[in-house]
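Each chain, written out:
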Amino acid sequence: MANKKQQLDYKNNCCRHCGRNVKEMVEEFGTFNRIFEFNHVVPSLKHPNYDNLIRRTISTEQLDELDKCILLCKICHGILHAQNIELKCLLKVDVGDKSITQDLVGQGIINKKEKKLKFMTNQKILVVPYLLQLDSNEPEIIFGKDLEENNPMLSKIFKVSGYDKCRILDFRNGEELFSIRRNNNTAQLKQKIKFPYFQYELEADDKNVKYVWIRNGIGLTKNGEVFRDREITGTLII
Ligand SMILES: [Zn+2]
């Protein structure tokens, strides 16, 4: 049976529109049931067997389905469908001499009193800048889009070049989010789970945990855990 608490946690535990929070609802009313709903941003992409899929235990297919959705409280979900506003948005970011754009498809809610339109999308924002450092070279600016489309771990380090070390750093504070170091025919990999690229599915040694998904900056286990502030390490045979 599905673990609704874990599903809500995967979607950040709050209504994307008004911010109503799962934890506060439990504190105030003792339940989160019947308050939060998953809304498909592009309804035509909804799984044909969605009702069954979402009630089953956690699976890759279920998480893929949740990625198509935003979490809304029941009131905001009702308003969204009543207003029925579909939107497209072009994001453009300039950093140094680099520039990037991303097309987003989403839905909106208009608040007439506050004269505000809130745009909401399930898409991952890919215009976020990072620093890529190869060996001891000067770090270069890359964007999330580069990481989605062109995995630097494979293409830049092991296939194309002779680099031995690759680090991806937070653009703002230089924090290391990902690193891989070549060591003969193996490579040591280290990644902060909050770094939302490169998905992993791992069989766990611990019988209670069984299976772990690392994706979109979040770690989930088959037994219902959700975590964000950890790091994964591993050895790859190359
Ligand atoms: Zn809401």
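One structure accompanies this document, and this report is about it.

Conventions used here
Residues numbered from 1 in each chain as written. Predicted model: local features only at pLDDT ≥ 70, side-chain atom pairs only at ≥ 80, totals over all residues. Heavy atoms only, no water. Salt bridge = Lys/Arg side-chain N within 4 Å of Asp/Glu carboxyl O. Helix = DSSP H or I, 4+ residues; strand = E, 2+ residues; numbered from the N terminus. Buried < 20%, exposed > 50% of the residue type's maximum accessible area, 1.4 Å probe, protein only. Phe/Tyr/Trp six-rings, centres within 6.5 Å; stacked < 30°, edge-to-face > 60°. Lys NZ or Arg CZ within 6 Å of the ring centre and 35° of its normal. Arc of directions from axis to C-beta. Contact = heavy atoms within 4.5 Å. Donors = N, O, S within 2.8 Å, 3.2 Å for Na, K, Ca; no water. Tetrahedral: all angles 85-135°; square planar, octahedral: opposite > 155°, others 65-115°. Pairing = 2+ DSSP bridges. Axes fitted to C-alpha atoms, helices over the stretch in contact; angles between N-to-C directions.

## Considerations on the pattern of salt bridges
(1) Moving on: According to the stated counting rule, one finds 15 salt bridges in the structure shown.
(2) Moving on: Two residues, Arg215 and Asp67, come together in a salt bridge whose shortest N-O distance is 2.6 Å. With a gap of 148 residues between them, Arg215 in strand E12 (residues 211-215) and Asp67 in helix H4 (residues 60-67) connect regions that are remote in the sequence.
(3) Moving on: By relative accessible area, Arg215 is classed as buried at 2%.
(4) Moving on: Measuring nitrogen to oxygen at the nearest pair gives 3.0 Å for the salt bridge that ties Arg230 to Glu225.
(5) Moving on: Judged by its relative accessible area of 44%, Arg230 is partly exposed.
(6) Moving on: When its relative accessible area of 32% is taken as the criterion, Glu225 is described as partly exposed.
(7) Moving on: Each of Asp64, Asp67 and Arg215 takes part in one network of salt bridges that share partners.

## A closer look at the packing of aromatic side chains
(1) Moving on: Applying the stated criterion across every chain yields a total of 7 aromatic pairs.
(2) Moving on: Look at Tyr130 and Phe195: their rings are 5.4 Å apart centre to centre, the planes differ by 90 degrees, and that puts the pair in the edge-to-face class. In this pair, Tyr130 sits in strand E6 (residues 129-134) while Phe195 sits in the loop between strand E10 (186-192) and strand E11 (200-203), placing the two residues 65 residues apart along the sequence. The exposure classification of Tyr130 matches that of Phe195, with both residues buried.
(3) Moving on: Judged by centre distance (6.4 Å) and plane angle (35 degrees), the rings of Phe178 and Phe195 are tilted. Taken as a pair, Phe178 in strand E9 (residues 176-183) and Phe195 in the loop between E10 and E11 lie far apart in primary sequence, 17 residues in all. For the pair shown, Phe178 and Phe195 are each scored as buried.
(4) Moving on: An aromatic cluster of three or more residues is present, and its members are Tyr130, Phe178, Phe195, Tyr197 and Phe198.
(5) Moving on: Above the face of the Tyr211 ring, Lys222 is positioned so that its terminal group lies 5.7 Å from the ring centre.
(6) Moving on: A cation over a ring is seen here: Arg230 above Phe227, with NZ or CZ 4.2 Å from the ring centre.

## Structural notes on helix H5 (residues 74-83)
(1) Moving on: Buried within H5 are the following residues: Cys76, His77 and Leu80. Taken around the axis of H5, the buried residues stretch over an arc of 105 degrees, which confines them to a single face. Of the residues in H5, the exposed ones pointing more than 90 degrees away from the buried face are Ile75 and Ala82.
(2) Moving on: Those residues of H5 hidden inside the fold are in contact with strand E1 (36-40), strand E2 (69-73), strand E3 (85-95), strand E4 (98-111) and strand E5 (116-120).
(3) Moving on: Remark: Asn84 follows H5 within two positions and exhibits a positive phi of approximately 50 degrees.

## Looking at the coordination of the zinc ion
(1) Moving on: Cys15 (SG), Cys18 (SG), Cys73 (SG) and Cys76 (SG) make up the full set of protein donors to the zinc ion, lying at 2.3 Å.
(2) Moving on: With 4 donor atoms in place around the zinc ion and angles of 102 to 117 degrees between them, the coordination shape is tetrahedral.
(3) Moving on: Read in sequence order, the donor residues coordinating the zinc ion give the pattern C-x2-C-x54-C-x2-C. On the criterion of sequence distance, the pair formed by Cys18 in the loop between helix H1 (4-10) and helix H2 (22-29) and Cys76 in helix H5 is long-range, its members being 58 residues apart.

## Examining the sheet that holds E9
(1) Moving on: Strand order in the open sheet made by the 6 strands is E7-E6-E8-E9-E10-E15, with antiparallel pairing throughout. With partners counted over all chains shown, the strands left at the sheet margins are strand E7 (140-143) and strand E15 (231-237), one partner each. This sheet shows a mean twist of 20 degrees between the axes of neighbouring strands, independent of strand direction.
(2) Moving on: Both E6 and strand E8 (residues 165-170) contribute to a ladder of 5 bridges, which runs antiparallel. Across the sheet, Tyr130 pairs through a bridge with Asp170, a residue of E8.

So, to be careful, I would describe these as geometric facts and stop short of saying anything about function.
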